[in-house]
Amino acid sequence: MKVVEINDVFRTYHDTEVEVKAVNGVTLSFEKGDFAVIVGPSGSGKTTLLNLIGGLDQPTGGEIIVAGHRLSELRPSELIDFRMEHVGFVFQSYNLIPVLTAEENVGFILSLQKWPKEKRKARTQEMLSAVGLSDRHKSRPSQLSGGQQQRVAVARALAARPEFILADEPTANLDSKSAETLLDIMVKLNKDEKMTFIFSTHDIRVMKRARRVITLEDGRVVSDEKVNHR
Amino acid sequence: MKDYQLAWRNLWRNRRRTLITAASVFFAVFFALIMRSFQLGTYEKMYRDVIESYSGYLQLQHVDYMDESNLDNSFVIDPGIISRIEDDPNVTAVIPKLESFALAAAGSRTQAVMVIGMDPDNEIRGLNIRNRLIRYRLTPGAVESLKAENLPGLTPKLLDVFVNESFTDEESLISILGIDRSDTLKILPLLRKYTVFDNGYLTAADTGFAVIGSGLSEYIHAGVGDTLVLMGQGFHGASAAGLYVIKGIVNMSQPEIDNRFVYLTLDDARYLYAAPGMATSAIISVRETDDDNLLMTRDRLREVLGDDLVIRTWKEMNALLLNQMEADNKSGAIMIGILYLVIAFGVFGTVLMMMAERRREFGMLVSIGMRKGKLARTISMEMLLIGLLGVAAGVAGSLPVVFLGYARPLRFTGEMAKMYEDYGFDPVMPMLLPDTYYLWQVVIVLLILLVAIAFSVRKVFKLNVINALRA
C-alpha cells in the first residue's frame, strides 16, 4: 500500500539571480512499513524533498500525494491539520518544547488533536515506554541527554499514529551509543507497528539499518536500492 | 494542555527577562498613579478651598454679574425666591451674599479689599470660613519662648523661618515645624502654651465687627481689637464708609483671597453699601456635589427663576482657575506620556527578543500541527500575562501609598513650605483616592500591550516554517 507518491516533482528557488533546482524531477513512492533513507552530498536536495513530502513546502512542479491527499490542493491551514494527522517529524536538533516535561511533550500533539485526557495519558505512557523513557516522564528537556531528548522526539512523532515519520538527520547530534539505541527503537517500531520511516541522513549507521537507500545528486534520484539485512 | 497553561510556563522560561519587563510596567504604573494622585489631589484641594471659602458649588446671580461684578448687578432677594430654590431636592440651603470692593485702612496702611457680607450663623451650610479661623500664631515672643525650651531636631531653626506665621489647626503647626511624631506629646503642650491665638468670630447679631484675612492683617498691621476703616462706593453711586472692630482673623488658604478678605455680617454689608434687602449672589448649598448632579440641579432651578437671574456652577465661576489647572494637567500628562513611551520601548524590546529567540520553536510547533492562530493566541497570552502582572503589582503597590497620602497628606516643612507659601500655595500635597484615573493607567498599559501583541501576532502569521526551522 502506497503511503507517499511523488510524481515528477520539481522545487526551484529564485533566491538570487541564479535559479537553483533543489529537487529536479523526482519520482518516487513509499510503501507502508518502509524504512528508507535518502542520502546524498550536502545540497543534493534531501531536506527539500523531506519538506515537500511533509507539506512544509510546495513543489514548483509535479505532484505529491500523501495518504490520498494531493498536497497542492490543500490550503495552508489544511496543510497544518494534514501534518498533525498524517506526518510525524523528528528533527536533527530534537526541537522539544523546553517548558514541558517529557510526557507533556509527547502528549502535546495529542492535545492538539483533542484526545481525551485519559486516552492521551495512556498513549503517552505507551510511547515513552516504547522508547525506554517511562522513568523520565517528569523530566524537562534540559534534564535529559541529547539521545534521551531525541527518543522523546520520536515518541512525540509516533504518538498520534501518523502515516509515516520524516526524520531529518536524527542522529547527527548524537554520540554513537545514543544513535544506536535510537536506531534500535526505530527499527523495532518499524517492525512491530509497521511504522514507515523516511530519513534524510549522512550517517553510515542509519544507512546500515535501512532497507531502502535512495541516493540524490543535484536534486535527482541517481539510485534507489533495496537492502536485505540478514 | 490549555493555551494559558503553556503561556504561563513560557513566561518563566526566561525568568529574569519576564521579571524585568513586568517590573518596568510595575514602576511605570506605580509612579504614574502616585504622580497622578498627587496632581489630581492638589487640584481637588485647590477647588475645594475655592468652593468652601468663596464660591460654593452653585450660586444664584444676576444674569450680568459674571461680566460686571459690581453692586449695580445685584438683585433683591425675597423669601419667595429662596423658598422656590430650597424646594429643589438637591438643595439644602440658600445663603445670600453681598460682595463688593472697598479700601481698607488701619493706621497709615491702605489696601483694596473684597468685602463679603453674609449671615455668619448660616454661612457654614454653604462655605467653610469658620474652620479657617487662626488658632495658633508664631509671634516673635512665642518663638523666643519656644527656643528657650530646648526643642529637639530642626524645630528651633524652623521657628525662625516661620516667625509671624499663623495656623488654623495643630496638625499643620506640628508638621510645618518638622516635629517628630514621637515628640508630639512632649512639645504639644508647649506649643499650646505659647502660640494659642486669641481669636473671635462674627454672629448674626453683631454690628460693627469684621473678620479679616491673615494676609490683610499682616499688611495693614491690624489685629484682633483694632479698628478697620472701610471706604468705597455703594449701590447706585452712594458713598460707602464705616468703622469696624476686627473680631477675628482667618487664614483663607488661597493667598489672593486671604490678602484682601474682609467679612461682615450681611446686615452690616447692606448698610455699608446702601443696598437694603439686596444680594450680589446667593450661595446654594447642595447635597450631591458631583458635576452631573450640579448641572441637573442648575437646569432644574433655571426653570423656576425669572429672566434676570441665573444659576452658575463653581466651574463657570472659576473658569480661570480651571484653565490654569488644565494647563498644569497637560504638563503632567506629557510627563506620564514620556514614562509610558520608555515602557513601550521596553515591552517591544522583550517582544523582539522573544520572537527572535523562539523562531525555530515556532517553526517546529507549526510543522508538527499547531495552527498559527493557536500559536498567536498563546504568545498574546504571554504578553498579556506579563503586562497584567506589572499592572496588578503597580496598582496593588500604589493603593497603600495613595490611601496613606489621602489620610495624611504630605505637608512640606521648613524652607520648602516657606517657598510654597511665598508662591501662594498651601504647602500641602494631598492625594486623590482611586478614581477613573486608575482605570486610565490600566487602559494605557493595555493599549501598549495590544500594539506589542499585534506585532507578535503579525510575525506569527507571516512565519515561514522552513526558514524558521533553519534558524
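For clarity, every value in this text was computed on a predicted model and none was experimentally measured. Along each chain, numbering runs from 1 in the same order as the chain's sequence is written. Note on labels: chains are lettered from A, ligands numbered from 1, in written order. In keeping with the predicted nature of the model, local features appear solely for residues at pLDDT of at least 70, side-chain atom pairs appear and are counted solely at 80 or more, and the whole-chain, interface and lining totals rest on all residues.

### So, the overall build of chain A
Within chain A, the regular secondary structure consists of seven helices and ten strands. For this measure, only C-alpha atoms enter the radius of gyration; the expected value for a globule follows 2.2 Å times N^0.38, where N is the number of residues. Rg of the C-alpha trace for chain A: 17 Å, near the compact-globule value of 17 Å for 230 residues, within the 12% margin. In terms of its C-alpha atoms, chain A occupies a principal-axis envelope of roughly 50 × 40 × 35 Å. The buried share of chain A, taken over its 230 residues, is 46%. By definition, residues are in contact whenever their C-beta atoms, placed on the basis of the backbone, come within 7 Å of each other. Excluding contacts between residues fewer than 6 apart, the proportion of contacts in chain A whose partners are at least 24 apart in sequence is 71%. Numbering goes from the N terminus for both helices and strands, where a helix is a DSSP run of H or I of at least four residues and a strand is a run of E of at least two. To sort residues by burial, count the other C-beta atoms lying within 10 Å of each one's C-beta; a count of 20 or more means buried, 12 or fewer means exposed, and anything in between means partly exposed. C-beta atoms are built from the backbone.

### A short note on the interface of chain B and chain A
Across the boundary between the two partners, chain B contributes 15 residues, which contact 19 residues of chain A. When contributions to the side of chain B that touches chain A are tallied by element, the ones reaching two or more residues are α1 (3-11), α15 (359-367) and α19 (465-470) of chain B. Ranked by the residues each element gives to the side of chain B that touches chain A, the list is headed by α15(B), at five residues. Three classes are used, and their members are as follows: Ala, Val, Leu, Ile, Met, Phe, Trp, Tyr, Cys and Pro are nonpolar, Asp, Glu, Lys and Arg are charged, and the others, Gly among them, are polar. Tallied by class, the residues present in the side of chain B that touches chain A amount to seven nonpolar, three polar and five charged.

### Considerations on the sheet that holds strand β1 (residues 2-13) of chain A
Residues and elements named next belong to chain A. Pairing between two strands is assigned when DSSP locates at least 2 bridges connecting them. The strand order β2-β1-β4-β5 describes an open sheet built from four strands, whose pairing is antiparallel. Each of the sheet's edge strands pairs with one partner strand only, and the pair in question is β2 (20-31) and β5 (69-70). By the bridge criterion, five bridges tie β1 to strand β4 (residues 61-66) in an arrangement that is antiparallel. Looking at the pairing, Ile6 lines up with Ile64 of β4. Note on geometry: axes are lines fitted to C-alpha atoms, helical ones only across the stretch in contact, with angles between N-to-C directions running from 0 to 180 degrees. Of the strands in this sheet, β1, β2 and β4 are in contact with helix α1 (residues 46-53), which crosses β2 at around 55°.

### Here's the deal with α1(B)
All names here are of chain B. Those residues of α1 not exposed but buried are Leu6, Ala7, Asn10 and Leu11. End-on, the buried residues of α1 take up no more than an arc of 140°, which puts them together on one face. In this fold, the buried residues of α1 make contact with α2 (15-55) and α16 (372-407). The arc refers to the directions leading from the helix axis to the C-beta atoms.

### Examining the sheet that holds strand β7 (residues 164-168) of chain A
Residue and element names in this part refer to chain A. With mixed pairing, six strands are arranged side by side in an open sheet as β6-β7-β8-β3-β9-β10. Taken across any chain shown, the strands that pair with only one partner, and hence form the sheet edges, are β6 (87-90) and β10 (220-226). Adjacent strand axes in the sheet meet at a mean angle of 20° when their direction is disregarded. Strand contacts of helix α5 (residues 146-159): β6 and β7, with the helix running at about 170° to β6, the strand carrying the most contacts.

### Considerations on the confidence of the model for chain B
One confidence number per residue, pLDDT, is output by the predictor and ranges from 0 to 100. Of the residues in chain B, 98% reach a pLDDT of 70 or more, and the chain-wide mean stands at 88. Listed scores for the predicted complex are pTM 0.73 and ipTM 0.89.

### Considerations on the pairing of strand β3 (residues 35-39) of chain A
Residue and element names in this part refer to chain A. Of all five residues in β3, five are buried, a share of seventy percent or more. Alternating positions in β3 separate into two faces, Phe35, Val37 and Val39 on one and Ala36 and Ile38 on the other, with burial throughout. Both β3 and strand β9 (residues 212-217) contribute to a ladder of four bridges, which runs parallel. For Val37, the partnering residue across the bridge sits in β9 and is Val213.

### A look at the packing of helix α14 (residues 319-357) of chain B against helix α18 (residues 436-461) of chain B
Residues and elements named next belong to chain B. In contact at an axis separation of 10 Å, α14 and α18 are set at 25° when each is read in the N-to-C sense. Relative to α18, the element α14 lies roughly parallel. Regarding α14 and α18, the two cross each other, and that crossing is right-handed. Within the contact between the two elements, α14 uses Tyr340, Ile343, Ala344, Val347, Phe348, Val351 and Met355 and α18 uses Ile444, Ile448, Leu449, Ala452, Phe455, Ser456 and Lys459. Per-class residue counts for the contact of α14 with α18 are twelve nonpolar, one polar and one charged. Oblique is the label for any angle not under 35 degrees, not over 145, and not in the 65 to 115 range, which are roughly parallel, roughly antiparallel and roughly perpendicular in turn. Helix crossings fall into two classes, left-handed where the near helix is turned counterclockwise from the far one by less than a right angle and right-handed where it is turned clockwise.

### Considering unusual backbone geometry
All names here are of chain A. Positive phi, close to 55°, is recorded for Lys194, a residue that is not glycine. For Lys194, the location among the structural elements is in the loop between α6 (176-193) and β8 (196-200). Phi at Asp218 takes a positive value of approximately 50°, unusual for a residue other than glycine. Topologically, Asp218 is positioned in the loop between β9 and β10. Judged by the 14 C-beta atoms lying within 10 Å of it, Asp218 is partly exposed.

### Re the packing of α2(B) against α14(B)
Working note: a packed helix pair is described by the angle between its axes plus the distance between those axes. Residues and elements named next belong to chain B. Viewed as axis vectors pointing N to C, α2 and α14 meet at an angle of 175°, and their least axial separation amounts to 9 Å. One element, α2, and the other, α14, form an angle in the roughly antiparallel class. Considering only residue class, the contact of α2 with α14 consists of 16 nonpolar, seven polar and two charged.

### Some details on helix α8 (residues 181-195) of chain B
All names here are of chain B. Given a residue, its bend is the angle between the two axes fitted to the seven residues that end at it and to the seven that start from it. Of all the bends found along α8, the most pronounced is centred on Ile187 and spans about 50°, while Pro189, a proline, follows it within four residues. Residues of α8 that are buried include every one of Ile187, Leu191 and Thr195, and no others. Along its buried surface, α8 packs onto β5 (136-137), α5 (140-147) and α7 (170-176).

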